[in-house]
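# Per-entry structural report
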Amino acid sequence: MLPIRTRALLLGSTLTAFSAIPVRAQDGPAVPYRNTVTVGVGVAALPDYEGSNDYRITPALAAIGTIKGYGFVLAGNQLSVDLVKNTPGPVWDVQAGPIAQLNFTRSSSGSIDDLRVRALGKRGTAVELGGYVGLGKTGVLTSPYDTLSVTLGYRHDVSGVHDSGIWSPGITYVTPLSRKAAIGVFASADIVERGYARTYYSVSAAQSAASGLPAYAAHGGLKNWTLGAIGSYSLTGDLLHGIKIVGGGTYGRIEGDIARSPLVAVAGARDQWLSTLGLAYTF
């Protein structure tokens, strides 16, 4: 399983969590390295930027699959690949692979309602490359088919927009309730380096004069933590084939030096909510 996710598209994490539920109650033995692909589309309600108190509705797209034992996740603006083959059955699952993400934070002033934040100016689209490692276990608490995964990811901007890195630890637990339904919960955090904090959350003297927000020099550290819940129900077929409805929500809290930034403390809010609802089809 690939629990790496993009917070901007919770649909991606929903599909990611359920893409690894093993073959259940089939006639005959499970097929080793069974190829499967799930594609999904939906809508998500999310803040204008991380720390905003204004929300918008945006399309959510995702594709998740396993080909010859190798998993991949394309969740909106992030692509990750598991280069360690998944083994069927209640086993330990070592996970490792690359991550590529486009960071669109404040890259378009039209997507930000707050005029003070608009006056700070746009940022370029950052290209963040990195990787992750993780350890998963199938058959943990409720059945031979539930999964628990712990991961640690790191991405670094290679485009020169913020020229720094983001560490992302996370934990995900998913359990099927039947052949048609499954639920999951997860927790994650983001720890950012100084360049990221300075680019997106500092306010220079000139920006302060233009926006009315106080000047501020942001430093790196813990940016936020997030708790979430997800669910899926098959409308045709079962969890491993056919059309399903997927949805979920998260609550996040901005912390540390980022929380003290005027973009959060004055123009936004530390409490962050995100929700999504969509349809997916598993081949």
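Check the entry above for the structure.
Scope of this entry: the structure provided in the associated data block.

A few words now on the overall build of the chain. Across its full length, the chain holds six helices and twelve strands. Going through the 283 residues of the chain one by one, you find that 50% of them count as buried. The contacts of the chain with a sequence gap of at least 6 include a subset with a gap of at least 24, amounting to 64%. Accessible surface for the chain amounts to roughly 12,000 Å². Of this, 65% is attributable to carbon and sulfur atoms.

With that settled, the discussion passes to a nonpolar patch on the surface. On the surface, Val 133, Leu 152, Trp 167, Ile 191, Leu 222, Trp 225 and Leu 227 cluster together to form a nonpolar patch covering roughly 590 Å² of accessible area. The element contributing the most residues to the nonpolar patch is strand S10 (residues 221-234), with three residues. Here Leu 222 is to be found in strand S10. Given the relative accessible area of 38%, Leu 222 is considered partly exposed.

Turning our eyes to something else, we now look at the sheet that holds strand S4 (residues 78-82). Around the barrel, which closes on itself, the twelve strands sit in the order S1-S2-S3-S4-S5-S6-S7-S8-S9-S10-S11-S12 with antiparallel pairing between neighbours. Going from strand to strand, the sheet's axes swing by 20° on average, the running direction of each strand aside. Pairing between strand S8 (residues 165-176) and strand S9 (residues 181-192): nine bridges, direction antiparallel. Of the residues in S9, the one forming a bridge with Thr 175 is Ile 183.

Moving on: the side chain of Thr 38. Within the secondary structure, Thr 38 sits in strand S1 (residues 36-47). Polar side-chain contacts of Thr 38 include one of 2.9 Å to the side chain of Thr 282.

Along the chain, Arg 106 turns up in the loop between strand S5 (92-103) and helix H2 (115-118). The buried charged residue Arg 106 lacks any salt bridge, with Asp 114 as its nearest oppositely charged partner at 10 Å. At 3.4 Å, the side chain of Arg 106 forms a polar contact with the backbone oxygen of Gly 121. There is a polar contact of 2.8 Å between the side chain of Arg 106 and the backbone oxygen of Tyr 200. Apart from the residues within four sequence positions on either side, Arg 106 is in contact with Tyr 49, Ile 112, Val 117, Leu 120, Gly 121, Lys 122, Arg 123, Thr 199, Tyr 200, Tyr 201 and Leu 263.

Right, let's get into the environment of Leu 279. Checked against the element boundaries, Leu 279 lands in strand S12 (residues 271-282). Between the C-alpha atoms of Leu 279 and Ser 232, which are 47 residues apart in sequence, the distance is 9.4 Å. Leave out the neighbours within four places in its chain, and Leu 279 touches Val 39, Gly 40, Val 41, Leu 235, Lys 244 and Ile 245.

Two faces belong to every sheet, and in a regular strand the side chains alternate between them. With respect to burial, S8 is a largely interior element, nine of its twelve residues being buried. Across ten bridges, the pairing between strand S7 (residues 147-157) and S8 is antiparallel. Bridge pairing links His 156 to Gly 165 in S8. In textbook terms, the turn of a hairpin is the stretch between consecutive antiparallel strands, and for S8 and S9 this stretch comprises four residues.

Here we take up the pairing of S4. The side-chain alternation of S4 yields one buried face, formed by Gln 78, Ser 80 and Asp 82, and one unburied face, formed by Leu 79 and Val 81. Inspection of the sheet shows strand S3 (residues 70-75) paired to S4 by five bridges, in the antiparallel sense. Bridge assignment links Gly 71 to a residue of S4, and that residue is Asp 82. Hairpin connection between S3 and S4: a loop of two residues separates the two successive antiparallel strands, and Gly 76 in this loop has a positive phi of roughly 65°. Bridge count between S4 and S5: three bridges; the pairing is antiparallel.

Reading guide: rules and limits
- The numbering scheme is per chain: residues are counted from 1 as the chain's sequence reads.
- Since the coordinates come from a predicted model, pLDDT governs what is reported: local features require at least 70, and pairs of side-chain atoms require 80 or more to be given and counted, while whole-chain, interface and lining totals use all residues.
- Excluding hydrogens and water, the side-chain figures rest on all heavy atoms present in the structure.
- Here a helix means four or more residues in a row that DSSP labels H or I, a strand means two or more in a row labelled E, and each is numbered from the N terminus.
- Here's how the labels work: a residue is buried when its accessible area is under 20% of the maximum for its type, exposed when over 50%, partly exposed in between, all with a 1.4 Å probe on protein chains only.
- Note on contacts: a residue pair qualifies if any of its non-hydrogen atoms lie within 4.5 Å across the two residues.
- The Shrake-Rupley method, run with a 1.4 Å probe, gives the accessible areas here. Residue values count only the displayed protein chains as cover.
- Patches were defined on residues exceeding 30% relative accessible area and lacking a salt bridge, with like-charge contacts within 9 Å and nonpolar side-chain contacts (Val, Leu, Ile, Met, Phe, Trp, Tyr) within 5 Å.
- A carboxyl oxygen of Asp or Glu within 4 Å of a side-chain nitrogen of Lys or Arg is what we treat as a salt bridge.
- At least two DSSP bridges between two strands are required for those strands to pair.
- Note on method: axes are straight lines fitted to C-alpha atoms, helices fitted across the in-contact stretch only, with angles between N-to-C directions ranging 0 to 180 degrees.
- By the criterion applied in these results, polar contacts are pairs of N or O atoms within 3.5 Å in which, for protein atoms, one can donate a hydrogen and the other can accept it, and in which residues neighboring in sequence qualify only through two side-chain atoms.
- In this count, Lys and Arg are taken as positive residues and Asp and Glu as negative ones, while His and the chain termini are left out.

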